[in-house]
Amino acid sequence: MKTGSKVVKFGGSSLADAGQIRKAAEIIQSDPERRFVVPSAPGKRFAEDVKITDMLYACYEKASLGENFDVDFQNIKNRYQEIIQDLGIDLSLEAEFETIRKNLASSGREYAASRGEFLNGIIIAKFLNYEFVDAADVIVFGDDGVMDRHATRAKLRERLEHSENAVIPGFYGKSVSGVVRTFSRGGSDVTGSLVARAMRAAVYENWTDVSGVLVADPRVVENPVVIPVITYKELRELSYMGFSVLHEDAIFPVRTAGIPINIRNTNKPKDAGTLIIPDSDTEETVIRTITGIAGKKGFCAINMEKAMMNSEVGFVRDVLNIFADRNIPVEHMPSGIDTLSIIASADAIKGREEELLAQLREAVNPDAIEIEPDIALLAVVGRGMRRTRGTAARIFASLAHARINVKMIDQGSSELNVIVGVNEHDLHQAIRCIYDAFISSTL
Ligand code: ASP
């Protein structure tokens, strides 16, 4: 692939009707490096609208039960026909519709869902005058439904190497035995990432309906600013705390290849969006000390105290074994000289509290042990913290100022993330006061 080439993926709301498709086409055509296009199926045009993918799932349900699905199918056809007509292209999808109708019940639920991207891909390729490459020919699944990375990369390279411009529909592929399979919902992101990786793209542009990743949840902070640049590691920390940006399987292919992702807004193409970059060489990219602030409720702390705990060899191991044997993930483990707390998800220990306490008592014989419920974790993430002194002081001063009680503090060795445990009912206030201290004050 020519250096500098871009893979561009457009989400469903960016392609919901002809007007949106025109915007996407303008974006694609304004930069000759945007050579490979990965479309989703048409999404919602307005809040109460239904995505084509959901219409297809519903249609399949009826077909598989032997019920009449004519009306549902006609509604799907109508949406595509309206798009074709409004775009003014000379294209008939009658043959494709007939094949889909015939195969709907027998080819499976994933086949049905995949047709949303398939049909949209044909339309967009025609409108752009790009080659259409059926994802069934290049995205390879094993018979277990898991995508085969190596086979997919090889197929994509072989097929696209000599292609100047192509549209590859997102979300689906085909298994070795010929069955159409899909990724989980939102999976067109994964296809885009795979194409970018295979073609060694300079950047993977992911076009959606927001101008990037926000510093904090807009339901908590009013009008938060966009994160201009974030590293893959920071994104991982924030995603753990509930930031949802891309399909989680979309990160791995491009991350391993060191390819940046640029999240952009189809409705505001001039906005630079958020650039997700590899973890190395990030010094010059630091714009703010704090990159993002995230919080998550639903944790509890198992607090243990024992005199001379520090010199009791094997104490921590014995505690962790109890959790491992019961398959309870340990999220964090803040400790003091004679104290140790295990932070776990409240759901993971629900209904097993007494049993867990009894087992811990038996294993390590603590002087005191209790479960503290209703813990929320707050993550203050930023690669800029590494070289800025006084960040922790500012975080805790702002929490103290708001009279928020800090229950635990955990800073990883990467100095990328400070995790603070607070009571659930203080979480939103805590996020707001840290946002004010680090972000509002710099605007
Ligand atoms: N159309 C699929 C969905 O709605 C895949 C995607 O849009 O990424 O989940």
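The structure we're discussing is the one just above.
Residues numbered from 1 in each chain as written. Predicted model: local features only at pLDDT ≥ 70, side-chain atom pairs only at ≥ 80, totals over all residues. Heavy atoms only, no water.

*Asks:* When you look at the sheet that holds strand E7 (residues 180–182) in this model, what are you seeing that I'm missing?
*Replies:* Two modes of strand pairing occur in sheets, parallel and antiparallel, and in both the strands are linked by backbone hydrogen bonds. One open sheet holds the 3 strands; their spatial order is E4-E6-E7, and the pairing between them is mixed. Each edge of the open sheet is held by one strand with a lone partner, namely strand E4 (140–141) and E7. Strand direction decides the pairing type here: E4 and strand E6 (residues 172–175), joined by 2 bridges, are parallel. When the bridges of E6 are listed, phenylalanine 141 appears paired with serine 175. Taken strand by strand, helix H5 (residues 109–128) contacts E6 and E7, and its axis lies near 80 degrees from that of E7. (Pairing = 2+ DSSP bridges. Helix = DSSP H or I, 4+ residues; strand = E, 2+ residues; numbered from the N terminus. Contact = heavy atoms within 4.5 Å. Axes fitted to C-alpha atoms, helices over the stretch in contact; angles between N-to-C directions.)

*Asks:* It is not clear to me how the pattern of salt bridges should be interpreted in this structure. Could you clarify?
*Replies:* It is possible for side chains bearing opposite charge to pair when their charged atoms get close. According to the stated counting rule, one finds 20 salt bridges in the structure shown. Here the salt bridges share partners, and the residues they tie into one network are Lys6, Asp31 and Glu33. (Salt bridge = Lys/Arg side-chain N within 4 Å of Asp/Glu carboxyl O.)

*Asks:* What am I meant to see in the site of the ligand here?
*Replies:* Looking at the ligand, the residues that line it are Ser40, Lys51, Thr53, Glu117, Phe171, Arg185, Gly186, Gly187 and Ser188. Separating an oxygen atom of the ligand from a backbone N or O atom of glycine 186 is a distance of 2.8 Å. Here the ligand has 270 Å² of accessible area as a free molecule, and 92% of this is covered by the chains. Of all the cavities here, the one that holds the ligand is the largest pocket. (Near = heavy atom within 4 Å. Polar contact = N/O pair within 3.5 Å; in protein donor to acceptor, adjacent residues only side chain to side chain. Areas by Shrake-Rupley, 256 points an atom, 1.4 Å probe, with all protein chains shown as cover. 1 Å grid on protein atoms, 1.4 Å probe; cavity = no way out; pocket = protein on both sides within 12 Å on 5 of 7 lines; lining within 4 Å. Sits in = over half its atoms within 2 Å of the grid points.)

*Asks:* It is not clear to me how the side chain of serine 193 should be interpreted in this structure. Could you clarify?
*Replies:* Relative to the assigned elements, serine 193 resides in helix H7 (residues 188–198). Beyond its immediate chain neighbours, meaning those up to four positions away, serine 193 contacts Tyr204, Ala250, Pro253 and Val254.

*Asks:* Would you explain empty space enclosed by the protein in this entry?
*Replies:* Any empty space left between the atoms is revealed when a probe the size of a water molecule rolls over them. Going through the model one piece at a time under the given rule, you end up with 3 cavities of 30 Å³ or more. Taken as a whole, the largest cavity encloses approximately 60 Å³ of empty space. Lining the largest cavity are Pro228, Val229, Thr285, Val286, Ile287, Arg288, Ile290, Thr291 and Arg383. In terms of residue class, the lining of the largest cavity is made up of 5 nonpolar, 2 polar and 2 charged. (Points joined across faces, edges and corners; volume = space filled by probe spheres on them. Nonpolar A, V, L, I, M, F, W, Y, C, P; charged D, E, K, R; others polar.)

*Asks:* Is there a simple way to think about helix H12 (residues 353–364) in this case?
*Replies:* The α-helix advances 3.6 residues per turn, and as a result positions three or four apart in sequence lie on the same side. The end-to-end C-alpha distance of H12 is 17 Å, a good match for the 16 Å that 12 residues give at a rise of 1.5 Å each. All buried positions along H12 are accounted for by Leu356, Leu357, Leu360 and Val364. Buried residues of H12 fall within an arc of 95 degrees about the axis and therefore sit on the same side. Residues of H12 that are exposed and point over 90 degrees away from its buried face: Glu354 and Glu362. Taken together, the buried residues of H12 touch strand E12 (292–305), helix H10 (315–325), helix H11 (346–349) and strand E14 (368–381). In the segment just after H12, asparagine 365 is the residue with positive phi, at about 45 degrees. (Expected span 1.5 Å × (residues − 1). Buried < 20%, exposed > 50% of the residue type's maximum accessible area, 1.4 Å probe, protein only. Arc of directions from axis to C-beta.)

*Asks:* Looking at this structure, I do not really get helix H1 (residues 18–29). What am I missing?
*Replies:* Taking 1.5 Å per residue, 12 residues should reach 16 Å; H1 reaches 16 Å between its end C-alpha atoms and fits that length. Inspection of H1 places Ala18, Gln20, Ile21, Ala24, Ala25, Ile27 and Ile28 among the buried residues, and these make up the whole buried set. On its buried face, H1 sits against strand E1 (6–10), strand E2 (34–39), helix H3 (70–87), H5 and strand E8 (203–208). The N-terminus of H1 is capped by aspartate 17, whose side-chain oxygen sits 3.2 Å from the backbone nitrogen of glycine 19.

*Asks:* What am I meant to see in the sheet that holds E1 here?
*Replies:* With mixed pairing, 8 strands are arranged side by side in an open sheet as E3-E5-E2-E1-E8-E10-E11-E9. On the outer flanks of this sheet lie strand E3 (131–132) and strand E9 (229–231), each paired with one strand and no other. Docked against the sheet, helix H8 (residues 232–240) engages E9, strand E10 (261–265) and strand E11 (274–277), running at close to 85 degrees with respect to E9.

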